[in-house]
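Secondary and tertiary structure notes
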Amino acid sequence: MSSHKKYEQQLELLKKVSGKLYNRDYLLTWEQDLDTITATVELARLLSELHREGKDLRVFRSGLGVSIFRDNSTRTRFSYASATNMLGLQGMDLDETKSQIAHGETVRETAAMISFLTVAIGIRDDMYIHEGHSYMTEVGRALDDAYENKVLAQRPAVINLQCDKDHPTQSMADLSHLVGMFGGLDKLRGKRIAMTWAYSPSYGKPLSVAQGIIGLMTRFGADVVLAHPEGYNVMPEVLELSGRQAQASGGRFSQTHSMEEAFRDADVVYPKSWAPMAVMEERTRLLRAGENAALKDLEKSALAENARHKDWECNDKMMKLTKGGDALYMHCLPADISNVSCAQGEVSADVFEKYRLRTYHEASYKPFVIAAMILLTRFERVDHVIGHLLEKDKSRHVK
Amino acid sequence: MLNEWVEVSLPVTTEQEDEVAALFVWAGAMGVEVRDTTTLFAEDRGTTRVVAYIEQGTEKAFLERLNPVLAASLDQAEEELSARFRMVPITRQEWNEFWKKAFDVQRIGHFVIRPSWKEVVPEPGDTVFVIDPGMAFGTGLHATTRLVMEAIEQLHASGFRPTRILDMGAGTGILSMAAASLFPEARIWAVDNDPDAVETAAEVIANNGLADRIQVDLSWSETPVDLVLANIQRDVLLELNPLFQRNLEPGGRMVFSGILNDQIDEIREKTNLPVVRGWHEGEWELVVFEKPATGGQS
Ligand SMILES: C[S@@+](CC[C@H](N)C(=O)[O-])C[C@H]1O[C@@H](n2cnc3c(N)ncnc32)[C@H](O)[C@@H]1O
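Bear in mind that the values here come from a model prediction, so they are computed numbers and not experimental data.

Details of the overall build of chain B
- Within chain B, the secondary structure is distributed over nine helices and 14 strands.
- At 21 Å, chain B has a C-alpha radius of gyration in line with the 19 Å of a compact globule built from 298 residues.
- Once the C-alpha set of chain B is aligned to its principal axes, its extents read approximately 65 × 45 × 30 Å.
- When the 298 residues of chain B are sorted by exposure, 51% land in the buried category.
- The long-range share in chain B, meaning contacts at least 24 apart out of those at least 6 apart in sequence, stands at 64%.
- Across chain B, the centroid of the 25 positively charged side chains sits 6 Å from that of the 48 negatively charged ones.

Written as structure tokens, this is what we have:
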């Protein structure tokens, strides 16, 4: 069978969404329509498959893939570098921590100055709540401005590598994994997906993984449950849109304060720690004000509060409550594993061990999701680009 | 040493409940409680149960004293009656836990509910209400109340700003008070068809300085509202649903609580409005409906 025939469906889908994202940014999944989301997942899965077959997937002969990390994240850095490299871009990191004020005029100028030959700008900014997403849109606007005024010959795409609201590369990698595990997006209908808080001995973990999951998984008719101890609220706007999406998709979205309840009969569990929104807000304020002593106090009290919920651990007993005692465990990694990476954490060692390889598979989609986002934003006809790749039949290895 | 307790109880009809409770006290109960679907320890629908708390070891004496008199009063055979008693031992720890909770300060999100005899130092952002337990339903102890309080907070956090609110089945008026504090612009009606509840609500609301914000009444003259709060059992919710929807403005929301897990599908279906939020805690479900801003519901 020719590759074209084999991937007919995917090419059809890509044709359907062609141009939609061209010259735009990929920031929040809930800004994208369902076709675009589906196309992104299908494209990521296709790229992963082609890569496995050894295909050369370089579609750019030159250009930069710039990354801006406003915190440390080795893993996302590698995913982004892998994606840009795979597509033929040269990776380039901008050390933003050194430029103190990253707003207004500074952003406008910097965005233009780093973009003369840039194809994509991956940004990770989840440190400051209510700021990450705004920052990314600000960069986007600056790029529009520079492009429209012909300062730039092309409009680089901003790719959200995690902000305060959403973590689209993570949630889409998770979704790709679910599609692989259940055999299709349509198979998610009626599935019970539990996004639950879990205890961690560290504080200040971003909310955007949980928000990303409920903001994405509620679009496919699934029964999505968000569970957390009282006070560990996520952003109300994300709850609101998750409820609406669930309603529109014929699925459900509900909340509870009990991990057991969320686990009961679940097909998928995603136990992961995050900090209460109020703590993140206070932390942002203190970080901005440089109040280090107060920050220490905040950390202390947040950790003490966390410690009251040590029973929020994904262990054998919890897993037994799930459908057939055998729900799919998911995590964005690194997980806090009890008795391994900490005394007590989000997941017990035996449960994690059982699912360890599957979480690696889950993570393996990330570079391909990023690559898919770059392709969809940088080409008007991604179907043609992929069609061309399939025809070329070129291996990336010397034979 | 303090004693352990036994809970001795009997299912009764509503007509019998006062009589039975009085005889329990007479026979030596340390405390008596009437339970139905709306009480903290809830009974199944249609069941009312009178509960006596007595010291462990005194059960026999208690029943010997009680039985002949009770049998005569209810006009039932003594043996038949004794077969219907239920006895559950409770450890001191459970007992303490329970009463400590019942008489302690409750915190629900940023709402703090304290009994009049207990002081609290509020944290920044807290709203404190004074409600004494045992007056009417709605002291913040019951899951169904807590769910609505959280839903109100979330609606507020998401930017929803109602101006006319109906709190149907107000009990102590707790939900009205929560709404009054978060939506300072709103006019609020607190309605309950139980005269005792209305009296209690009026008193509690006045004590909390909210009398000018909340109108308490036994009945409600229909008027357009943009938020309905109703924590009542399924049958009543379904019965009142047309009334609510008739008066709900487009874009308005309706919060239903007091629904058991196995009733939620039916409620969602029969209400036939888009659901924007759902919560559950144990066997209890809460659901937030929204009336579409434009066009009708088919
Ligand atoms: C479960 S309590 C709720 C009290 C309080 N709103 C809360 O959330 O804690 C239900 C209340 O609804 C009242 N009720 C029951 N049927 C009613 C009806 N048809 N109309 C008005 N109130 C009703 C009861 O008297 C009771 O006070």
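As for the site of the ligand
Residues and elements named next belong to chain B.
- Around the ligand, 15 residues are found, and the nearest of them are G138, T145, G169, D192 and N231.
- Here a nitrogen atom of the ligand sits 3.3 Å away from a polar atom, N or O, in the main chain of N193.
- Within the contact set of the ligand, an oxygen atom lies 2.8 Å away from a side-chain nitrogen or oxygen of N231.
- About the coverage of the ligand: the protein hides 87% of its 600 Å² of free accessible area.
- Counted by class, the shell around the ligand contains seven nonpolar, six polar and two charged residues.

Remarks on the packing of helix α8 (residues 234-247) of chain B against helix α9 (residues 264-271) of chain B
Residues and elements named next belong to chain B.
- Contact geometry for α8 and α9: axes closest at 11 Å, N-to-C directions at 20 degrees. One way to sum up the angle between α8 and α9 is to call them roughly parallel. Crossing geometry of α8 relative to α9 is assigned as right-handed. Facing R234, L237, L238, N241 and Q245 of α8, the residues of α9 in contact are E266, I267, K270 and T271.
- For the contact of α8 with α9, the class distribution of residues is three nonpolar, three polar and three charged.

What about the layout of surface pockets?
- For the second largest pocket, the calculated volume is near 1500 Å³.
- Around the second largest pocket, the lining comprises 43 residues; the ones closest to its centre are A:E230, A:G231, A:Y232, B:G109 and B:H110.
- Mapped by element, the contributors of at least two residues to the lining of the second largest pocket are α9 (236-249), α10 (259-263), α11 (277-289) and α12 (292-307) of chain A together with α5 (143-157) of chain B.
- For the lining of the second largest pocket, a count of residues per class yields 19 nonpolar, 13 polar and eleven charged.

Regarding the domain arrangement of chain A
Residues and elements named next belong to chain A.
- By domain assignment, chain A separates into domain 1 (3-165 + 366-392) and domain 2 (170-363).
- When each unit is reduced to the centre of its C-alpha atoms, the spacing between domain 1 and domain 2 is 26 Å.
- If you look at the interface, domain 1 gives 28 residues, while domain 2 gives 34 residues.
- Put simply, E237 and K165 hold a salt bridge, and the shortest N to O gap is 3.3 Å.
- Scanning the region where domain 1 abuts domain 2 turns up 13 residue pairs in polar contact (both at pLDDT 80 or more).
- Those elements giving two or more residues to the side of domain 1 that touches domain 2 turn out to be α3 (34-52) and α15 (366-378).
- When residues of the side of domain 1 that touches domain 2 are assigned to their parent elements, the largest contribution, seven residues, is made by α3.

Procedures and definitions
Per-chain numbering applies: the sequence of each chain, read as written, is numbered from 1 onward. By the order in which they are written, chains take letters starting at A while ligands take numbers starting at 1. Residue-level local features of this predicted model are given only where pLDDT is at least 70; pairs of side-chain atoms are given and counted only at 80 or more, and the full residue set underlies all totals for whole chains, interfaces and linings. Where side-chain values are given, they derive from all heavy atoms of the structure, hydrogens and water being excluded. A run of DSSP states H or I qualifies as a helix once it reaches four residues; a run of E qualifies as a strand once it reaches two. Both are numbered from the N-terminal end. C-alpha atoms define the radius of gyration, and 2.2 Å times the number of residues to the power 0.38 defines the globule rule. For each residue, the accessible area found with a 1.4 Å probe, counting protein chains only, is set against the maximum for its type, and the residue is called buried under 20%, exposed over 50%, and partly exposed in between. In this analysis, two residues are considered to be in contact whenever any of their non-hydrogen atoms come within 4.5 Å of each other. Positive charges come from Lys and Arg, negative ones from Asp and Glu, while His and the chain ends are left out of the count. Here the site of a charge means atom NZ of a Lys, CZ of an Arg, CG of an Asp or CD of a Glu. When at least one non-hydrogen atom of a residue lies within 4 Å of a molecule or strand, that residue is treated as near it. What qualifies as a polar contact is a pair of N or O atoms within 3.5 Å, subject to a donor-acceptor requirement within protein and to the restriction that residues adjacent in sequence count only when both atoms come from side chains. For the area figures, the Shrake-Rupley method with a 1.4 Å probe applies, and any residue is considered shielded solely by the protein chains shown. Just so you know the grouping, Ala, Val, Leu, Ile, Met, Phe, Trp, Tyr, Cys and Pro go in nonpolar, Asp, Glu, Lys and Arg go in charged, and all remaining residues, Gly too, go in polar. In this analysis, axes come from line fits to C-alpha atoms, helices being fitted only over the stretch in contact, and the angle between any two N-to-C directions falls in the range 0 to 180 degrees. These descriptions rest on fixed angle ranges, namely under 35 degrees for roughly parallel, over 145 for roughly antiparallel, 65 to 115 for roughly perpendicular, and the rest for oblique. In this scheme, a crossing is called left-handed if the near helix is turned counterclockwise away from the far one by less than a right angle; it is called right-handed if the turn is clockwise. Every definition here rests on a 1 Å grid over the protein atoms only: cavities are sets of points where a 1.4 Å probe fits but cannot get out, pockets are open sets enclosed by protein on both sides within 12 Å along at least five of seven lines, and lining residues have some atom within 4 Å of a point. Grid points are joined across faces, edges and corners, and a volume is the space filled by probe spheres set on the points. Segmentation of the chain into domains, including their bounds, is taken from an automatic or database domain assignment. Each salt bridge in this description consists of a side-chain nitrogen of Lys or Arg and a carboxyl oxygen of Asp or Glu lying within 4 Å of one another.

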